Amino acid sequence: MYGLRIAVFSFIWTELYFALVAITVFFWTRFVIIYVNDRNAFAGILKYAGIVFLAFEFLALLVNLFLPVMFYFDEEGIYHTGKARAITMFAQILLFLATSIYMLAVALWNRGKIRRRHGAIAGFGISMTVFVLFSTLYPTLPFYSLGYLLGVCIIHTFVLEDEKESRRRELESLLKVGEIQEQELDSARLMAYTDPLTFVKSKTAYQEDIIGIEKRIEGEILKDFGLAVFDVNGLKSVNDTKGHEEGDRLIKSACKIICEIFKHSPIYRIGGDEFVAFIMGDDYRNRVSLLYEFNLQMEKNAEENGIVVACGFSEYAQGVDRDFSSVFNRADKKMYEQKKKLKKMKP
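If you're wondering where the values come from, they're calculated on a predicted model, not measured in any experiment.

Undergrad: Can you lay out the overall build of the chain for me, pointing to particular residues and giving the numbers?
TA: The secondary structure content of the chain amounts to 11 helices and six strands. Here the C-alpha radius of gyration of the chain, 43 Å, is well above what a compact globule of 347 residues would show, namely 20 Å. Seen through its principal axes, the chain has C-alpha atoms that stretch 130 × 45 × 35 Å. Counting only residues that meet the buried cut, the chain has 40% of its 347 residues in that class. Summing over all exposed atoms, the chain offers an accessible surface of approximately 20700 Å²; the carbon and sulfur share of this is 62%.

Okay, structure coming up:
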């Protein structure tokens, strides 16, 4: 438009251009203050200097619509600058220099990446100072825009990309910490829910699983469920006569027998010599044969002075049993009856 000497359009565009310049300088000063994040006297001065510059530029542009204080085009369409334009150019040079010095000072007080980032921002201010000077000498050439392009490239390369990389690494580090914590939590859960001697489920796991059973009973949605209660015979005698290590071996051997027969049911150790199995699935469908096999083996062990485990079994009766304890109490009672029977069979 300027080459075609279209003065009206050139005037309108130049007004908009200077308005955008004022806004950009204002945001630049704000960016520096926010990035440093340091409340001091210089930051306060810089903040208000940016506001004053923005207000002065807009006022000058408004006045320029009536009086050529910023710029004007003569009858031949040639561009001329006014006094207000010289003032704003000088103010910009001061602002860019001030921010550069400020950022260099901050950079000197830091090290590593922080120093590099602040130094890059100072480089933006220095490059803009140089290009504003060129723009003063050659007002119709795009030195100002070139300065911003170069400055933005500097900030993008040495500040934003560097921060992105740092945040990516920080996030990766946090994710690794999270994974480690999750593994530790899983390990803690496993320890809490596993009996350390027999490696079947612990009493903690048993108590939590009872809550789920109770809810299913309350909702009348529990079907095909049975409970087997086990007690190892003679543990106290072994502990007293042969020691606790031998008693532990007895518990582990007894647990192995229970697990081998009730393969598809969760087994819990709920006391020193007490175990419980939630009989479900295939084990529930084959409960008669499995219980017969288990009791037959225990009777044989009792006659041969082997490992003896008393077992009591009870089925959940839907509509009759109102809570878990009803099923457990029946199974527990049957277990004690079986325990007495097996003691009598001891040779």
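Back to the text.
Undergrad: How would you summarise the pattern of salt bridges if you had to cite specific residues and measurements?
TA: Applying the stated criterion to the full structure yields nine salt bridges. With a closest N to O distance of 2.4 Å, Asp-282 and Arg-285 form a salt bridge. Here Asp-282 pairs with Arg-285, and both are found in helix 9 (residues 281–285), just three residues apart, close to one helical turn. By relative accessible area, Arg-285 is classed as exposed at 60%.

Undergrad: Tell me about helix 10 (residues 287–303), and please be specific about residues and values.
TA: Over its 17 residues, helix 10 extends 24 Å from the first C-alpha to the last, a length consistent with the 24 Å expected when each residue adds 1.5 Å. Within helix 10, the full set of buried residues consists of Arg-287, Leu-290, Leu-291, Phe-294, Met-298, Asn-301 and Ala-302. Along the axis of helix 10, the buried residues cluster in a sector spanning 105°; they form a single face. Of the exposed residues in helix 10, the ones pointing more than 90 degrees away from its buried face are Val-288, Tyr-292 and Glu-303. Looking one or two residues past helix 10, Asn-305 carries a phi angle of roughly 60°, positive in sign.

Undergrad: So what about the environment of Leu-67? Which residues, and what values?
TA: Inspection of the secondary structure puts Leu-67 in the loop between helix 2 (41–64) and strand 1 (71–73). According to the relative accessible area criterion, Leu-67 is exposed, its value standing at 52%. Distance in space between the C-alpha atoms of Leu-67 and Gly-271 is 98 Å, their sequence separation being 204 residues.

Calculation criteria
Residues numbered from 1 in each chain as written. Predicted model: local features only at pLDDT ≥ 70, side-chain atom pairs only at ≥ 80, totals over all residues. Heavy atoms only, no water. Helix = DSSP H or I, 4+ residues; strand = E, 2+ residues; numbered from the N terminus. Rg over C-alpha atoms; globule rule 2.2 N^0.38 Å. Buried < 20%, exposed > 50% of the residue type's maximum accessible area, 1.4 Å probe, protein only. Areas by Shrake-Rupley, 256 points an atom, 1.4 Å probe, with all protein chains shown as cover. Salt bridge = Lys/Arg side-chain N within 4 Å of Asp/Glu carboxyl O. Expected span 1.5 Å × (residues − 1). Arc of directions from axis to C-beta.

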